[in-house]
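# Structure assessment
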Amino acid sequence: MQIRDNLKIIFPTKFMQKQEISFVLFGGTGDLTKRKLVPAFARLIHEGRIRDDSTIIGISRKKMSDQEYKKFLIGSVKEDKDKEYIRKLDIRFFSGDFTKSGLSGLKQLIEKSEKPGCNRIYYLSTSFRFFPDIVKELKSQNLHKKDKVFTRMVFEKPFGDDLSSSEELDKEIHKVFSEEDVFRLDHYLAKETVMNLNVLKSTNTALYKTFSNKYIESIEIIIDEDLGVENRIEYYNDTGAIKDMFQSHLLQMLSLLLMELPHTLTADNIHDEKLKILKNLEILPASNHILGQYESYEKEAKASSLKLSKIETFAKIELNCKIPKWDGVKLILRTGKKLKNKIGKIKINFKTNSNNVIIDIYKKQEPNTPNEYATLLSEIIKGDKTLFTRSDEVAESWKIVEKIEKIRDKIKFIKYKDNSDPEE
Ligand code: BG6
């Protein structure tokens, strides 16, 4: 039973029915739509998971005709076959900001373009600051629920920028949508190796038995990137590595790795076990951590006329988990931009004979392998919440970030050369 349930996670939607969906993309001309969502749509059509005449409605402040938007989406995929899939879709564009007046008329467009009996997914890849206004407006235009079919909401990370803002978001969203229809996205949870962490534990029992402070000295989770902040400096200058990567991807991976395997792997059982880990994490004293900024960051910020901030583009944070099984194992989470190499790995260091187990997160992508977003969209269509974060996990992660913020001034802050390793 257990292994079967696990396998459901590896091959999530293989045999699901072709669905009639309309996707409403807030932030529809952004980078994420271009790089991740459009290839994911092509993939879902290729695998017969959604109909090839599904509707996509893009929303942003830009001025574009439906035709121009279609061209933009087609240009987002490389292969001819994928271009053909996107060309067949029913593609519309709505120009407006995310306020009441900006969104007036959205209902008419959605109702005109949607086929009867069609499910609807709202995908918000905007700043979290727009989430409450968008949700309120969907309700006021009576676009928040449909008879007999589903209406689901997807929120890109970061979900807020501290504990109180994330709680406020939950409050506003829950006035309109029930938690069941809310999908908080963390794309690392859909990376193949991350999805398979629980499979590894349940199938490799010899390894799983060594998962404790009796055998393990330390665990490192590393997401090093060789690129800088690129065209996202405006977002990044207010955010930094702790809020951009640590609060979400790194803490999610750590909790998945340390959690106990529940008897049955339902979404809620998994969230409950991850939550136990998150609640028991403590941040070690300031002298254990390092924050840093790559040298050319200052120039990039100036070029974009941004206020120079002491924002971290690198963070190495050490933690302890108070649960008796893990107490004393050094937990090291590291991430950064413009580092020497692009590396994504989990390293488990054992006490004896300097043995270690390394799990690679970035696997070489074969052409045509589904990106994480195709997996995530399939799961949203299925209504399975396993690969998404529950509101109490998000809140707990913000509490951990707040503990770091309290000691931030005491943490060593270094400038590192572009494409170097700050710890070398
Ligand atoms: C995003 C962060 O969530 O993850 C980016 O906002 C980061 O700053 C990205 O570059 C890394 O994702 P991946 O899948 O390319 O490793």
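One can find the structure itself at the top, above this paragraph.
In this report, the structure presented in the accompanying data block is examined. (Residues numbered from 1 in each chain as written. Predicted model: local features only at pLDDT ≥ 70, side-chain atom pairs only at ≥ 80, totals over all residues. Heavy atoms only, no water.)

Turning to unusual backbone geometry, a few remarks are in order. Comment: phi is negative for the bulk of residues other than glycine, and the bulk of peptide bonds are trans. Residue Pro158 is bonded to the preceding Lys157 through a cis peptide linkage, with omega at -5 degrees. The residue Lys148 is not glycine, and still its phi comes out positive at about 70 degrees. With respect to the secondary-structure elements, Lys148 resides in the loop between α6 (131-140) and β5 (151-155). Note on Lys148: relative accessible area 88%, which makes it exposed. Phi is positive for Lys338, which is not a glycine, with a value near 50 degrees. Turning to its location among the elements, Lys338 is positioned in the loop between β11 (330-336) and β12 (343-350). (Helix = DSSP H or I, 4+ residues; strand = E, 2+ residues; numbered from the N terminus. Buried < 20%, exposed > 50% of the residue type's maximum accessible area, 1.4 Å probe, protein only.)

β12 sits mainly inside the fold: six of its eight residues count as buried. The pairing of strand β7 (residues 216-224) with β12 spans eight bridges and is classified as antiparallel. When the sheet's bridge partners are listed, Ser218 is paired in β12 with Asn349. The pairing of β12 with strand β13 (residues 356-360) spans five bridges and is classified as antiparallel. Bridging across to β13, Ile348 finds its partner in Val357. The antiparallel hairpin formed by β12 and β13 contains five residues in its connecting segment, where Asn353 sits at a positive phi of about 50 degrees. (Pairing = 2+ DSSP bridges.)

Moving on, we come to the nonpolar core. Among the nonpolar cores identified, the biggest contains 93 residues, and Phe26, Ile219, Phe246 and Leu281 are the most heavily contacted of them. No other element matches the 11 residues that helix α12 (residues 240-258) contributes to this core. When neighbours within four sequence positions are excluded, Ile219 is seen to be in contact with Leu257, Leu258, Trp326, Val329, Lys330, Leu331, Ile332, Lys347 and Ile348. In terms of nonpolar packing, the next biggest core, distinct from the first, is built from 39 residues, Val38, Ile50, Phe93 and Leu387 among them. (Core = buried A, V, L, I, M, F, W, Y, C linked by side-chain atoms within 4.5 Å. Contact = heavy atoms within 4.5 Å.)

Here the focus is the pairing of strand β4 (residues 119-124). Counting buried positions along β4 yields six of six residues, so the element is predominantly enclosed. Here strand β1 (residues 21-26) pairs with β4 via six bridges, running parallel. Within the sheet, the bridge partner assigned to Phe26 lies in β4 and is Leu124. Strand direction decides the pairing type here: β4 and β5, joined by five bridges, are parallel. Within β5, the residue paired with Leu124 across the bridge is Phe155.

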